[in-house]
Amino acid sequence: MTAVVEPAAAAGEVGAARRRKEDARLITGRTRWTDNIALPGMLHLAILRSPHASARIVSVDVRPARRQPGVIDAFSGADIAEIQGSLPCAWPVTEDIVHPVRPPLADGFVRHHGEAVAVVVARDRDSAVDALEAIEVEYEPLTPVLDLAAASRDEGLVHPDKGTNRSYTWIFDSAQAGTGTDVADAAAAAEVTLHRQYIQQRLIPAFMEPRSVVVDPGMGEYTIWSATQIPHILRVFYALLTGVPEHKIRVIAPDVGGGFGGKLQVTPEEMIAFFAAQRVRRPVKYTETRGDSMLSAHHGRDQIQDITLTATRDGTLTGIDVKLVANMGAYLGLVGPGVPILGAFMFNSIYKVPAYRFECVGVFTNTTITDAYRGAGRPEATYAIERAMDDLADQLGMDPVELRRRNWIKAEEFPFTTVAGLVYDSGDYDAATDKALDLFDYAGLRAEQQRRRDSGDPVQLGIGVSTYTEMCGLAPSRILGALRYAAGGWESASVRVLPTGKVEVVTGTSPHGQGHVTAWSQIVADELGVAFEDVEVLHGDTRTSHKGLDTYGSRSLAVGGVALVEACRKVRDKARVVAAHMLECSPDDIEFTGGAFRVRGTPSSAKTLADTAFAVFAAHDLPDGVEATLDADATFDPQTFSFPHGTHLCATLVDTATGHVTIHRYVAVDDVGKVVNPLIVEGQVHGGVAQGIAQALHEQAVYDESGTLLTGSFVEYTIPSAADLPHFVTDRTETPATSNPLGVKGVGEAGAIASTPAVVNAIVDALRPYGVDDITMPCTPERVWRAIKRGGAS
Amino acid sequence: MIPVAFDYLKPSTVEEAVAALGASEDSKVLAGGQSLLPVLRLRLAAPALLVDLGGVPGLSGVRVDGDTLVIGAMTTHAEVASSDLVRRHAPLLAAAAATVGDRQVRHRGTLGGSLAHADPAADLPAVAAALDATYVVQGPAGRRSVAAADFAVDLFTTALAPDEVLVEVRLSIVDGWSTHYEKFHRMAQAWAIVGVAVAVSRSDGTISGARVALTNMGPVPHRAVEVEAALTGAPATAEAVAAACVSVSAGTSPVDDLTASADYRRDLARVLTGRAVCQALGI
Ligand SMILES: Cc1cc2nc3c(=O)[nH]c(=O)nc-3n(C[C@H](O)[C@H](O)[C@H](O)COP(=O)(O)OP(=O)(O)OC[C@H]3O[C@@H](n4cnc5c(N)ncnc54)[C@H](O)[C@@H]3O)c2cc1C
């Protein structure tokens, strides 16, 4: 039993470019998505949605629908008024936040296009959809409040009973917080002032798998499958909102096809399906169409950003003053009010600024709610500061990279307390930027730009710079508490060692495409000396994974991965005692090296985890007082955020005759700390950059003047495909995080945060000779063309 | 979404199809379904009967009949784009068919379906207009021929009667012309904001003939006859071409919508026509 196979690669699994274990089933679809689930006797729901942005519901008559073939039940908000309650907002950012009631099914009023009004329950989906047409609803249309700026001035009210559209005003002032000086003083003393207003257009997360929910009411023991990012949080809210005790509710997020924050929500549809199942006492399913999804799943971004930079003439920043108007939509989403507040800590980005002030007003309009979307608050902040830095460089006649270099925190200055009060633990902005400049051939492209300018080439070249950091690894529970978030930010992991030495990991994170099964297996392989293939990762079912806070905010590895390491180390401590007993020595004489427990000084005397697992299983000869298990749990609550950073450079070619923009070169150098799996990191960067480019060039949710969503399908809401995207040159620097034992920082959002300003800066840079200093996103060919015409005329 | 329930018939001859169409109050031909099915799924239309042409032999394929190239209505975009005969005798059509939608759409959608659907943003109707195509249509009284210029009546409206089927498209083979289809879209694989179909001939340094038709500059394809006249006889230089194309959008009525405004489309038409002609001329 002492012949131990040495692990092949001394370097270990962590850091290896393992192909993802889960991909075969995800790509082929040979897996269980919520919509695949078919239970005996299951019924199907269809939902009638409001065609109006704002209306009083005079009457709803569902009786004709009940008489349609195959229909079992039909109901409206009035029918469940007593039980349906209000959808939750878990992040009331201020004490006096205005928080209107949001019934899952509209009752009395509809406040946005697509709000759920009535439900049909039928034997099959076709019958349910057909029967919707029989429902009679009389609306009294009201004038919708749509323009964000006008709404913030209370020109028309979304909720007249509240007397205002302003949900909250949230302020951070470095002078008051004691983290810096007063922006007013900086403004008074400023040698240079730059003021800009940028518009963050509304986006639709557009995850690949539409949302779907199945509710089986059992005999009062509810099992719910949902295409959600947050099975654990959802279970808590089901219990709080329905009165069904938590232990009678099991929530399962089976394989979930993407989310991007869009499935970080407790949705009307999830509650409606629950009430429907309760009414008919049979399992029910609701699967949205893409059209329903675009109309009613929460949207993202949608802010008016006013930013003022003050600086000395040599380009040293002296102050940043930010005023945001953030569109909440018609109600407050689960974490919607907090999204812009996450940005509050990021406008100062990587720069040393003495004075900072941030003010955000959350405003209601008659539109679909907004909430988290990849980056949530941080892409918006990064966009504004990085656009403004390029504009300031132009105003000062400085190179945009040099302006940044003059202001950013130097590698030797970490840990660094920022003007927003965060402590950045690590980073090396010079290293990342130098590498990016090199890969990009910055000097060569500048020369090419000059050539095109000199020759009056109709195709102009522009270069955009974006140096970013983000706060992720959400989140230290204490900080969340201080920000009035309802839940904590810890994460949990359990490790179960099976008798034959195989390992089951139960994680509280809830992957929906990120590859946790693979990365977690790599971590366990190194920590416990087992093969990558011998690890199974269980997630997303509150019966097996009873404890967790799910997946969002680039938190899974930086928080959940660390919990996993800690659980593995507990397992190791237990196994060490057993191994020592088997090897007849003291546990203190055992060291865990080369994937096995070895007697110090006699490394060939060794036991593997499998050896100890079987000994514990048999339990014939365990030391006194040792439990017959190696299993262990751990919960990790980070003390601080992690701070990935990087430099993205983009070169665009702009056809000045048509306004068409081509991305000519894109370089991303990211520092995400230690890398567990470079392939996964690469994938996240590619996807994130693509989404950020999409915001810069392509995507926008548009409502017409009556509040009808015009971009209700992928014909109008144009998401890019591979054919629209350039080749990405990606590379990394690696400055390990000092705040966690893995040294990891998170990569889920980085690409989406960094890329948008790089692209728009590049377009503006190409067109500065034409008098262009801003283009409102998305920079469609027509908008670019108009900007050139306008600029040229002025 | 789910369409309203409908009856479905898959006849094996055109005659049967025509008879079925005539017998039903509210019927529609189904070809590749790439335009019709989305309309049904969104419940923008709810015909009682679909007559699927997929079972009629002989409606798809490409052949040469004397000095005419004949393309069956059920020939898919992919087949049109890759057919040696089309590439040799009507390269403009092959090039335009290759730009339609995405691979899936090109393998399902048909030339006849595209022409019969008459979407102003569709690429192939303008190409057919530029090539002076003739459409062969079969109804209860037999076959008749319709010139491309007469076929497109209005937005989504053609000269086809409800009980008529488009069976083939005929193009006169003219050699020695060079062609180009210039499609401008916001996204790869998307519909054209503006498209320009151009065929030109030159002798020595002079343009000796030109045909120009525009996609999406009005309810039906726009044949820019004045530009054709201005190009004919002009020197084959970029400056002369640009000058001849200045007024290409005269007489057009492009829409103002989410994708693009009318004045942007007009300016695009000017720029793109110039580029398309230069491309075709190889200058
Ligand atoms: C995602 C997507 C992208 C697309 N992009 C483009 C694009 O970029 N450019 C472009 O030009 N098109 C595009 N299309 C449309 C595509 O070209 C369709 O193939 C075409 O418009 C219709 O052809 P079909 O064979 O699918 O016809 P169907 O959808 O089956 O029928 C369309 C209409 O024509 C009628 N019809 C069809 N065949 C006949 C016939 N032989 N006789 C009489 N009536 C008939 C039908 O009754 C129906 O009214 C796109 C479609 C999709 C789904």
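Treat the numbers as computed from the prediction; the structure is a model and nothing was measured.

### Structural notes on the overall build of chain A
The helix and strand inventory of chain A stands at 22 helices and 28 strands. Scaling as 2.2 N^0.38, a compact globule of 794 residues should have a C-alpha radius of gyration of about 28 Å, and chain A matches this with 28 Å. C-alpha atoms of chain A, sized along the principal axes, occupy 90 × 75 × 50 Å. Expressed as a percentage of the 794 residues in chain A, the buried residues total 62%.

### A closer look at the site of the ligand
All names here are of chain B. Near the ligand, the surroundings consist of 29 residues, among which Val29, Gly33, Ser35, Leu36 and Thr110 are the closest. Contact between the ligand and Val29: an oxygen atom at 2.5 Å from a main-chain N or O atom of the residue. Separating a nitrogen atom of the ligand from a backbone N or O atom of Leu166 is a distance of 3.0 Å. Residue assignment for the shell around the ligand shows that the elements contributing at least two residues are β2 (27-30), α7 (111-117) and β10 (165-172). In terms of residue count, the dominant contributor to the shell around the ligand is α7 (four residues). When the residues that make up the shell around the ligand are grouped by side-chain class, the tally is 15 nonpolar, eleven polar and three charged.

### Things to note about the interface of chain B and chain A
Across the boundary between the two partners, chain B contributes 20 residues, which contact 26 residues of chain A. Summed over both sides, the interface between chain B and chain A buries roughly 2,000 Å², with carbon and sulfur atoms accounting for 61% of that surface. In this assembly, chain B and chain A are joined by four salt bridges. For A:Glu133, the salt bridge identified is with B:Arg43, shortest N-O distance 2.8 Å. At the boundary of chain B and chain A, one finds eleven residue pairs in polar contact (both at pLDDT 80 or more). Of the residues forming the side of chain B that touches chain A, the biggest block, seven residues, is contributed by helix α12 (residues 262-281) of chain B.

### Regarding the domain arrangement of chain A
Residue and element names in this part refer to chain A. Segmentation of chain A into domains returns domain 1 (8-31 + 490-636) and domain 2 (425-473 + 641-794). Measuring from the centre of the C-alpha atoms in domain 1 to the corresponding centre in domain 2 gives 39 Å. Facing the 24 residues of domain 1 at the interface are 20 residues of domain 2. Buried area between domain 1 and domain 2, both sides added, is near 1,500 Å², and the carbon and sulfur share of it is 69%. Together, Ser554, Leu557 and Ala558 form the three largest contributors to the area buried by domain 1 at its contact with domain 2, with a combined 30%. Between domain 1 and domain 2 we count zero salt bridges in total. The interface formed by domain 1 and domain 2 includes eight residue pairs in polar contact (both at pLDDT 80 or more). At the level of elements, α17 (516-528) and α18 (556-582) are the ones that each hand at least two residues to the side of domain 1 that touches domain 2. Of the residues forming the side of domain 1 that touches domain 2, the biggest block, seven residues, is contributed by α18.

### Quick notes on the environment of B:Asp84
On the secondary structure map, B:Asp84 appears in helix α4 (residues 84-89). Once the C-alpha coordinates of B:Asp84 and B:Val56 are considered, the two residues, 28 residues apart in sequence, prove to be 24 Å apart.

### So, the environment of A:His299
Residues and elements named next belong to chain A. Among the structural elements, His299 can be located in the loop between α10 (290-296) and β13 (300-311). For the pair formed by His299 and Met328, sequence separation is 29 residues and the distance between their alpha carbons is 9.4 Å. Every residue in contact with His299, bar those within four places of it in the chain, is listed here: Arg202, Leu203, Ile204, Pro205, Met294, Thr368, Ile369, Thr370, Asp371, Ala701, Tyr703 and Leu709. Here the side chain of His299 touches Met294 through a polar contact of 2.8 Å, landing on its backbone oxygen.

### Considerations on the packing of helix α11 (residues 238-245) of chain B against α12(B)
Relative orientation and spacing of two packed helices are given, respectively, by the angle between their axes and the distance between those axes. Residue and element names in this part refer to chain B. Direction vectors running N to C along α11 and α12 enclose 140°, while the axes themselves pass 9 Å from each other. The orientation of α11 with respect to α12, classified from their angle, is oblique. Pair α11 / α12 crosses with right-handed handedness. Here Ala238, Val241 and Cys245 of α11 lie close against α12, whose contacting residues are Arg270, Thr273, Gly274, Val277, Cys278 and Leu281.

### So, the UniProt feature "domain: FAD-binding PCMH-type" (unreviewed entry) in chain B
Here, UniProt's "domain: FAD-binding PCMH-type" (unreviewed entry) annotation points to residues 1-176 of chain B. The straight-line gap between the two end C-alpha atoms of residues 1-176 of chain B is 49 Å; of that span, 34% is helix and 26% is strand.

### Remarks on the sheet that holds strand β3 (residues 71-76) of chain A
Strands belonging to one sheet form pairs held by backbone hydrogen bonds; the direction of such a pair is parallel or antiparallel. Residues and elements named next belong to chain A. With respect to topology, seven strands assemble into an open sheet ordered β3-β5-β1-β12-β9-β10-β11, the strand pairing being mixed. What marks the edges here is a single partner per strand, and that holds for β3 and β11 (249-252). Geometrically, the sheet is characterised by an average inter-axis angle of 20° between neighbouring strands, direction not taken into account. Here helix α4 (residues 125-132) sits on the sheet and contacts β1 (43-49), β3, β5 (116-122) and β12 (284-287); the angle it forms with β1, its principal contact strand, is near 25°.

### Considering α4(A)
Residue and element names in this part refer to chain A. Among the residues of α4, those classed as buried are Ser127, Ala128, Val129, Ala131 and Leu132. In the core, the buried residues of α4 are packed alongside β1, α2 (63-66), β3 and β5. The opening residue of α4 is Asp124, an N-cap whose side-chain oxygen sits 3.2 Å from the backbone nitrogen of Asp126.

### Considerations on the domain arrangement of chain B
Residues and elements named next belong to chain B. According to the domain assignment, chain B consists of domain 1 (7-51), domain 2 (62-172) and domain 3 (178-281). Measuring from the centre of the C-alpha atoms in domain 1 to the corresponding centre in domain 2 gives 19 Å. Tallying the contact residues gives ten residues for domain 1 and 14 residues for domain 2. Summed over both sides, the interface of domain 1 with domain 2 buries roughly 940 Å², with 72% coming from carbon and sulfur. A per-residue breakdown of the area domain 1 buries against domain 2 is headed by Val14, Val18 and Gln34, which together make up 44% of the total. Joining domain 1 to domain 2, the criterion identifies zero salt bridges. On the surface where domain 1 and domain 2 come into contact, there are one residue pair in polar contact (both at pLDDT 80 or more).

### So, helix α1 (residues 14-23) of chain B
All names here are of chain B. Every buried residue of α1 is accounted for by Val14, Ala17, Val18, Ala20 and Leu21. Along the long axis of α1, the arc covered by the buried residues comes to 165°, so they all point the same way. Away from its buried face by more than 90 degrees, α1 exposes Glu15 and Ala23.

### So, the side chain of A:Arg111
All names here are of chain A. Inspection of the secondary structure assignment puts Arg111 in the loop between β4 (109-110) and β5. Summary of buried charges: Arg111 has no salt-bridge partner, and the nearest side chain of opposite charge, Asp161, is 4.7 Å away. Within the local environment of Arg111, its side chain forms a polar contact with the backbone oxygen of Val158, the two atoms lying 3.2 Å apart. Ignoring any residue separated from it by four or fewer positions in sequence, one finds Arg111 in contact with Ala53, Val158, His159, Ala330, Tyr331, Asn366 and Thr367.

### Re the packing of aromatic side chains
Pairs of aromatic rings are described using the distance from one ring centre to the other and the angle between the two planes. Residues and elements named next belong to chain A. Following the criterion strictly, the structure yields 17 aromatic pairs over all chains and no others. Ring centres 6.2 Å apart and planes at 70° place the aromatic pair Trp170 and Phe345 in the edge-to-face group. Note that Trp170 is positioned in strand β7 (residues 166-173) and Phe345 in the loop between α11 (339-344) and β15 (355-364), a separation of 175 residues in sequence. Residues Trp170 and Phe345 agree in their burial class; the two are buried. A ring pair is formed by Phe347 and Phe358, whose centres lie 5.7 Å apart and whose planes are at 40°; its orientation type is tilted. Of this pair, Phe347 sits in the loop between α11 and β15 while Phe358 sits in strand β15; the two residues are eleven residues apart in sequence, bridging distant segments of the chain.

### Section: the pairing of strand β25 (residues 632-636) of chain A
Residues and elements named next belong to chain A. Residues of β25 alternate between two faces, with Ala632, Ala634 and Phe636 buried on one and Asp633 and Thr635 left unburied on the opposite face. Pairing analysis gives five bridges linking strand β19 (residues 491-497) to β25, with the strands arranged antiparallel. Bridging across to β25, Val495 finds its partner in Ala632.

### Structural notes on the pattern of salt bridges
Where charged atoms from two side chains of opposite charge approach closely, those side chains can pair. Residue and element names in this part refer to chain A. Using the criterion set out here, one finds 64 salt bridges over all chains in the structure. Residue Asp390 is joined to Arg404 by a salt bridge in which the shortest nitrogen-to-oxygen separation is 2.8 Å. You can see Asp390 sitting in helix α12 (residues 378-396) and its partner Arg404 sitting in helix α13 (residues 400-407), a full 14 residues away along the chain. Asp390 sits in the buried class, given a relative accessible area of 5%. Through salt bridges that share partners, Arg49, Arg211, Glu269, Glu288 and Asp292 make up one connected network.

The rules behind each value
Residues numbered from 1 in each chain as written. Chains lettered and ligands numbered in written order. Predicted model: local features only at pLDDT ≥ 70, side-chain atom pairs only at ≥ 80, totals over all residues. Heavy atoms only, no water. Helix = DSSP H or I, 4+ residues; strand = E, 2+ residues; numbered from the N terminus. Rg over C-alpha atoms; globule rule 2.2 N^0.38 Å. Buried < 20%, exposed > 50% of the residue type's maximum accessible area, 1.4 Å probe, protein only. Near = heavy atom within 4 Å. Polar contact = N/O pair within 3.5 Å; in protein donor to acceptor, adjacent residues only side chain to side chain. Nonpolar A, V, L, I, M, F, W, Y, C, P; charged D, E, K, R; others polar. Contact = heavy atoms within 4.5 Å. Buried area = accessible area lost by both parts, 1.4 Å probe. Salt bridge = Lys/Arg side-chain N within 4 Å of Asp/Glu carboxyl O. Domains from an automatic or database assignment. Axes fitted to C-alpha atoms, helices over the stretch in contact; angles between N-to-C directions. Parallel < 35°, antiparallel > 145°, perpendicular 65-115°, else oblique. Left-handed = near helix turned anticlockwise from the far one by under 90°. UniProt positions renumbered as here; feature names shortened; annotations may be inferred. Pairing = 2+ DSSP bridges. Arc of directions from axis to C-beta. Lys, Arg positive; Asp, Glu negative; His and termini not counted. Phe/Tyr/Trp six-rings, centres within 6.5 Å; stacked < 30°, edge-to-face > 60°.

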